[in-house]
Structures are given as C-alpha cells and as structure tokens.
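One letter stands for each residue in the lines below.
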Amino acid sequence: MDRFVWTSGLLEINETLVIQQRGVRIYDGEEKIKFDAGTLLLSTHRLIWRDQKNHECCMAILLSQIVFIEEQAAGIGKSAKIVVHLHPAPPNKEPGPFQSSKNSYIKLSFKEHGQIEFYRRLSEEMTQRRWENMPVSQSLQTNRGPQPGRIRAVGIVGIERKLEEKRKETDKNISEAFEDLSKLMIKAKEMVELSKSIANKIKDKQGDITEDETIRFKSYLLSMGIANPVTRETYGSGTQYHMQLAKQLAGILQVPLEERGGIMSLTEVYCLVNRARGMELLSPEDLVNACKMLEALKLPLSGVMVIELQSHKEEEMVASALETVSEKGSLTSEEFAKLVGMSVLLAKERLLLAEKMGHLCRDDSVEGLRFYPNLFMTQS
Amino acid sequence: MHRRGVGAGAIAKKKLAEAKYKERGTVLAEDQLAQHPLTGEMACRNQLKMMSKQLDMFKTNLEEFASKHKQEIRKNPEFRVQFQDMCATIGVDPLASGKGFWSEMLGVGDFYYELGVQIIEVCLALKHRNGGLITLEELHQQVLKGRGKFAQDVSQDDLIRAIKKLKALGTGFGIIPVGGTYLIQSVPAELNMDHTVVLQLAEKNGYVTVSEIKASLKWETERARQVLEHLLKEGLAWLDLQAPGEAHYWLPALFTDLYSQEITAEEAREALP
C-alpha cells in the first residue's frame, strides 16, 4: 500500500481513460483499510482511486509498478476481487497515503460488480504496455518501477510459482471444457446439415411427409436452435410449444392490456411476462412466434410491434383520440399518453395514425410535436 | 449420404460419406448406408428418423457436458464468448428459444433473457434524459447497479448479445459503433447514415457544431443543419445557444458525468407504464 501516490486525478496529455468502476474498496494485503468506497479508474498509464465521499482524496499507482494480477472469484457475502502484486516502491517516490507497508500486494474489491470487465481491460493494458510508447510528464516518470530482468523481492517468487500452478490448473479445466465442447459442436453440426437436407426435400416437395412429421421436425429445430427454413403458411415458424405459449399469453395479458388502453408494445409484454415468470424465461423470439399465432398482432406505422385486444378497433380508438385532442385544444404525445394511460411510444403511434387518416394535423417545431384537430377538414 | 439412384456418382458419394463418418467416429448402422434406390419421400422420412435418434443422443451428451461444465459457462465470460462463436460457426443459435436444449440444460437462456429485461428497464428509465441513446459503458454501469450485490457479473459482450436478441421484439433496438465503443439505441428514431456519422463525430467532445461537421465531413450547411434538427426533434441532442462562438449541439448520451446519477431498481421498473 506504500506504492500509492497522491494525485489530482487529472489525466496527463497522452494518457487516456480506459475504464472506470464505482464501488471499489482497497485492501492492503489482506487488511481492510479506510479506503472503502471509491471509483477506480484505469488509464493507459495508471490505476487511479478516488474516494466517492471526498473527491479530494485521490491516489494512483503506475501500471509499470504492477508485477502481475490475479482474479479472486466472488463468494457468499464476498465481492469479486482483483489481486495486484507490485514491485517495491522506488526510493524517490512522491508522497502518498502510506509511508510503509509490509505487503507487496493490494486487493481491489468490486462491491458494485464490474470486476470482469475491469480485469479484462487491465490485463490488456498490462500486455500492451502502452505507457512505454506514450511518454507523459516528468512527474509520472520518476516512479517507474525496476526494469524487467532485475532481481525481485523474494516473497514475490513464491507467489509467482503458485500463480503458475493455478494457471495451469485453470487452463487444464478450460481446455477440457473446450475439448468436450468441440466434440459436442461436431455432433451438432451434423444435425444442422441433416436438417438442411430434410428442409430442402420438403421445400422441393420431394419429401411428402405428414403434417405431424412437419410439426415434429420443427420441434427438433427448436430444440437445437436451428433457424427454420420451412415457411409453410399454416404454422409460420411456430411449433406446438408456441401454440401453448400463445394460449397462456392470451390469459396473462387480458387485464394488463385493459389497464393500458388496449395496447402494449412487445417490449412491454416481454418485460411483464418474464418478470412474472422469474425462471424459465421466454426468449424474444419465443414471444414473437407465440404472438404471431395470436392473430392479435398488428404492425402500426413505424418499426414498433404491438399486441392489441381483439375488442380494440382502430377506428374507434382514433375517433376517441380525436375527441380527447379536441377537448384539450391540442396535445403532445406525452400529454396524450398521460391522459389515456398508455406508453408514450404507443401514444405517438396512435396520434400519427389519426393524422394519417386526416383527423389531426401537426405543429412540428423544435419545441416538440403537437397535434391539433384538423380544422381544414371539418371547416372547409 | 443422400440416397439417390445407383450410378458411379452415387457410389463415389457413398464412399465419401462413409469416410467422413469414420473420421468423426459417428456410428451409423450399416443398413442406412446400403445401396437402395429410394424415393425422395422414403429418404426424407428415414432422415427424420435419423435426426430423431441423433437428437436423443445429443441431448444425453449435452446433459453430460452440462453436469461437468455448467459452472464454467456461468462464471467465465470468455468461455461464453467462445461458446457463442462456436455455435454461430455451425449455424446454431443457443439463445433462439427458452425451450432449446442449450437454454434448458446449460442455463444460458435465462441469463441472457433476464439481462434483456434489465437493459430495457434501464433504457426506459433514462430515456427522458438522453432521448433513447446511451453509451455501452453507461448501460453497463447502470445494469450492474440494478442487478444488485448477489447477482452474477456481466461483461459488455454479454450486453451486446442480449441486445441483439432484443431486436426481434421490433422496438428499434440498435447498436451504433462510435469511437472505440458503441451507442445503444432503444427507441425507433429513424437514424440513417448521416445521423450516425454525426453521432460518431460528436463522440470526441460530447457535442458537435455546424462548422465542425462542414470541416470534417465536407457537407454543405443545409445538410448539416437538417441532421442536427432531426437529432433535436428526436430528443437525442440539446441545443446550447450560449456557447462561445456558434451554437453547440450536445448529446446527453455521451455525457460521462451521467454515470454518477443514481437510478434505483424501483425507478427503473416504474419507467414501464
């Protein structure tokens, strides 16, 4: 912990920010110290830590002082950590929070997550060593660690050996996993080829299989995650699974739809349904395929897919929109959304539809888009 | 392995198929490679049977794999990337359906689908501030905050994959490369190439001016103004008339101090009507 120096936290010219993460605590070796909540910044040259409560408290170490880093996985009640092993501090080091320390390493504890990404970036910087090619001001250079090849402190050698062993062990696990995975993939690939052949036969009407067999084929594709090349009108790309889903959805969505003016975007539905399920969630494609079977799916004006209640007739809705706007004189999408209780996005769509049908006209300024009843139509 | 009529070509194909299968060590019953002139219909039906058998075998193998390595996928984002890439190479989408084998047995589905929900909530909660455009970094920070202490960490790659899946919902999710990172679009604002290029230009300083556009992109004033007005209308840009020199068009999506703003999970959920 004695390697840190006080700093203003401002980056030098040629020094760029790589990544930052809030909620990081620093340990001196294994000991907790008072720096328990800060933002950790990684630049091309340094690792900077700034106290979240007191921004004046800001310190840094040079990346060149780092010997190596290792990850410590999260546990129950424990955040994921990065362990940073350091070269000894040079004698002419600038002042910092600690004058001396018995530890040659520190730990960074990621209490608000972000450890994975940070570790990845830090490893990259350690490999690329960009600080060597991008010189910065003198004040940073005086703290350069010992040149590679020099004799390091004894304690570090033992740690390095342990790390090497751990790396080999991890590598072994990963490579075993990859080997197993590769074998799996080969088998999967065979099935992809086979499915293509079958699909081609079906398309060319060479294989006249029954509806039952087609349904079964589609469920095979679904299980394997193979895109469905067969586009038969009767079922679209749906399977029995999607039919069941569709029925479930019809039940689940009745009340929410009524509460939201009879219309919801697929995004809203996706969140609603998956939050309710908690586990065994639906994929976006599952939802789309199920909805296609609902026949309630409509595609309004621009790039938005929605679910509408069957009782929900477009003309009625547009007429009532016109009434609402006339009552108030004029409305923006946000105002309309609040009045009717639907999302702003869908409110906008409905107003645009009304405009297209000639009932409303727009006043489009930098202040926003406002709709008025189309008096040109009614009063000519 | 297609059983068409007899002939030299068919014989050669059969030999090739046999050799391929021997190489891979896949076991196929001998009679399936026998030389019978079958019609297309029978061949198709037999292939279906074969696929069904292979599927069962595959399911068993996948279960075995899962029991040994499921943790690896859960904990190791590098492994997830490799896994996804391998699947893509052979033409398989492990995230296509929650009912797929991959999702059911390896648990990859729930991980990404839940992430999708969290991404949507964050984007909605911040939309009033940035118009529906957010940097990948900020999205990452906010999602991590929302996930809470005990949830698993996610990488930026995980986010990108989840967003790619969300596109199926048709709500204007887009991924725009700028600088060394990405802007995530979550509303169906129409952004063509001109708009995107101006966004990329603005990434450096968080704002852009008409002169800058004219100088860097060699456009005429009118073209630059139109693009900027569109961004203003869509709520993606703010106009600063008091800036020194000419008007500055700021992009809130690119403000880094927005990182420090707190959104609680409550606020995120309330953003959905």
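Residues numbered from 1 in each chain as written. Chains lettered and ligands numbered in written order. Predicted model: local features only at pLDDT ≥ 70, side-chain atom pairs only at ≥ 80, totals over all residues. Heavy atoms only, no water.

A. A look at the overall build of chain A. Secondary structure assignment for chain A yields 11 helices and 15 strands. Buried positions account for 49% of the 380 residues belonging to chain A. Counting every atom, chain A has about 19500 Å² of accessible surface; 52% of that belongs to carbon and sulfur. (Helix = DSSP H or I, 4+ residues; strand = E, 2+ residues; numbered from the N terminus. Buried < 20%, exposed > 50% of the residue type's maximum accessible area, 1.4 Å probe, protein only. Areas by Shrake-Rupley, 256 points an atom, 1.4 Å probe, with all protein chains shown as cover.)

B. How the structure looks around the interface of chain A and chain B. If you look at the interface, chain A gives 76 residues, while chain B gives 82 residues. Of the roughly 7300 Å² buried where chain A meets chain B, counting both sides, 65% is carbon and sulfur surface. Run the count over chain A and chain B and you get 5 salt bridges. For Glu-285 of chain A, the salt bridge identified is with Lys-165 of chain B, shortest N-O distance 2.7 Å. There are 22 residue pairs in polar contact (both at pLDDT 80 or more) connecting chain A and chain B. If you list the elements that add at least two residues to the side of chain A that touches chain B, you get β2 (17-28), α1 (115-128), α3 (154-203), α4 (211-224), α6 (266-277), α7 (284-292), α10 (344-356) and β14 (360-365) of chain A. Residues of the side of chain A that touches chain B, tallied by class, amount to 34 nonpolar, 20 polar and 22 charged. (Contact = heavy atoms within 4.5 Å. Buried area = accessible area lost by both parts, 1.4 Å probe. Salt bridge = Lys/Arg side-chain N within 4 Å of Asp/Glu carboxyl O. Polar contact = N/O pair within 3.5 Å; in protein donor to acceptor, adjacent residues only side chain to side chain. Nonpolar A, V, L, I, M, F, W, Y, C, P; charged D, E, K, R; others polar.)

C. Molecular detail of the nonpolar core. In this structure, Trp-102 and Ile-119 of chain B are the most contacted members of the largest nonpolar core, which totals 80 residues. Setting aside its immediate chain neighbours within four residues, Trp-102 of chain B contacts Met-185, Ala-188, Ser-223 and Met-224 of chain A together with Phe-58, Leu-62, Phe-83, Val-92, Pro-94, Gly-107 and Val-108 of chain B. In terms of nonpolar packing, the next biggest core, distinct from the first, is built from 29 residues, Leu-42, Met-59, Ile-69 and Leu-122 of chain A among them. (Core = buried A, V, L, I, M, F, W, Y, C linked by side-chain atoms within 4.5 Å.)

D. Quick peek at the packing of aromatic side chains. Inspection of the entire model under this criterion finds 7 aromatic pairs over all chains. With centroids separated by 5.3 Å and ring planes inclined at 70°, the aromatic side chains of Phe-35 of chain A and Trp-49 of chain A adopt a geometry described as edge-to-face. With Phe-35 of chain A in the loop between β3 (31-32) and β4 (38-43) and Trp-49 of chain A in strand β5 (residues 46-51), the pair connects residues that are 14 residues apart, well separated along the chain. Trp-49 of chain A matches Phe-35 of chain A in its accessibility class, with the two residues each being buried. Ring geometry for Tyr-207 of chain B versus Trp-250 of chain B: centroids 4.8 Å apart, planes at 50°, classification tilted. One end of the pair, Tyr-207 of chain B, is in strand β4 (residues 207-208); the other, Trp-250 of chain B, is in strand β6 (residues 248-250), with 43 residues separating them in the sequence. Aromatic ring contacts, followed pair by pair, group Phe-58, Phe-83 and Trp-102 of chain B into a single cluster. The residue whose ring lies beneath Arg-25 of chain A is Tyr-27 of chain A, and the NZ or CZ to ring-centre distance is 5.8 Å. (Phe/Tyr/Trp six-rings, centres within 6.5 Å; stacked < 30°, edge-to-face > 60°. Lys NZ or Arg CZ within 6 Å of the ring centre and 35° of its normal.)

E. View of unusual backbone geometry. Residue and element names in this part refer to chain A. One non-glycine residue, His-113, lies in positive phi territory at about 60°. With respect to the element layout, His-113 can be found in the loop between β9 (105-110) and α1. Owing to a relative accessible area of 10%, His-113 belongs among the buried residues under this scheme. Phi at Glu-280 is positive, roughly 50°, even though this residue is not glycine. One can find Glu-280 in the loop between α6 and α7.

F. Region of the structure containing the packing of helix α5 (residues 240-259) of chain A against α6 of chain A. All names here are of chain A. Two numbers describe how α5 lies on α6: the axes approach to 11 Å, and their chain directions differ by 100°. One way to sum up the angle between α5 and α6 is to call them roughly perpendicular. Contacts from Leu-245, Gln-248, Leu-249, Leu-253 and Pro-256 of α5 reach α6 at Val-269, Leu-272, Val-273 and Arg-277. Considered class by class, the residues forming the contact of α5 with α6 number 7 nonpolar, 1 polar and 1 charged. (Axes fitted to C-alpha atoms, helices over the stretch in contact; angles between N-to-C directions. Parallel < 35°, antiparallel > 145°, perpendicular 65-115°, else oblique.)

G. Main features of the sheet that holds strand β15 (residues 368-373) of chain A. All names here are of chain A. Here we have 3 strands laid out as an open sheet, ordered β13-β15-β14, and antiparallel in their pairing. The open sheet is flanked by β13 (331-332) and β14, the only strands paired with a single partner. Here α10 sits on the sheet in contact with β13, β14 and β15, set at roughly 120° to β14. (Pairing = 2+ DSSP bridges.)

H. Local environment of the side chain of Gln-84 of chain B. Residue and element names in this part refer to chain B. Of note, Gln-84 is situated in helix α3 (residues 77-90). For Gln-84, a relative accessible area of 8% translates into the label buried. Contact partners of Gln-84, with chain neighbours within four places excluded, come to Pro-94, Leu-95, Tyr-112 and Arg-161.

I. Spotlight on the confidence of the model for chain A. Residues and elements named next belong to chain A. Here chain A averages 80 in pLDDT, while 83% of its residues score no lower than 70. Throughout residues 141-154 the model reports pLDDT below 50, and contacts reaching past four residues in sequence, or to other chains, amount to 20 contacts. Within the model, the stretch residues 231-236 combines pLDDT values under 50 with 10 contacts to residues more than four positions away or in other chains. (pLDDT = per-residue confidence, 0-100.)

J. Region of interest: the pairing of β9 of chain A. Residue and element names in this part refer to chain A. Counted residue by residue, β9 has 6 buried out of 6 residues, so it is predominantly covered. Of the two faces of β9, both are covered, the one formed by Tyr-105, Lys-107 and Ser-109 as well as the one formed by Ile-106, Leu-108 and Phe-110. The sheet contact formed by strand β8 (residues 80-86) and β9 spans 6 bridges and is antiparallel. Note on β9: the bridge partner recorded for His-85 is Tyr-105.

K. Examining the packing of α5 of chain A against α7 of chain A more closely. All names here are of chain A. Running from N to C, α5 and α7 point in directions that differ by 80°, and their axes come no closer than 8 Å. In terms of orientation, α5 and α7 fall into the roughly perpendicular class. Packed against α5, whose contacting residues are Tyr-241, His-242, Leu-245, Ala-246 and Leu-249, the element α7 presents Asp-286, Leu-287, Asn-289, Ala-290 and Cys-291 at the interface. Looking at the contact of α5 with α7 residue by residue, the classes come out as 7 nonpolar, 2 polar and 1 charged.

L. Region of the structure containing the sheet that holds β6 of chain B. Residues and elements named next belong to chain B. The antiparallel open sheet is built from 3 strands, whose spatial order is β4-β6-β5. A strand with exactly one partner marks an edge of an open sheet, and here the two such strands are β4 and β5 (238-240). Of the pairings in the sheet, the one linking β4 to β6 comprises 2 bridges and is antiparallel in character. Paired with Val-208 across the two strands is Tyr-249, which belongs to β6.

M. Broad picture of helix α9 (residues 210-217) of chain B. Residues and elements named next belong to chain B. Listed as buried for α9 are Val-210, Glu-212 and Ile-213. Angularly, the buried residues of α9 cover 160° about the axis, an arc narrow enough to put them on a single face. Where α9 is buried, its residues meet α8 (193-202), β4, α10 (221-233) and β6. Immediately downstream of α9, the backbone of Lys-218 shows phi near 60°, a positive value. (Arc of directions from axis to C-beta.)

N. View of the pattern of salt bridges. Residue and element names in this part refer to chain A. What the rule picks out here adds up to 28 salt bridges over all chains. A salt bridge links Glu-355 to Arg-362; the shortest N-O distance between them is 2.8 Å. Residue class for Arg-362 comes out partly exposed when judged on its relative accessible area of 37%. Residues joined in a network through salt bridges with shared partners are Glu-117, Arg-120, Arg-121 and Glu-124.

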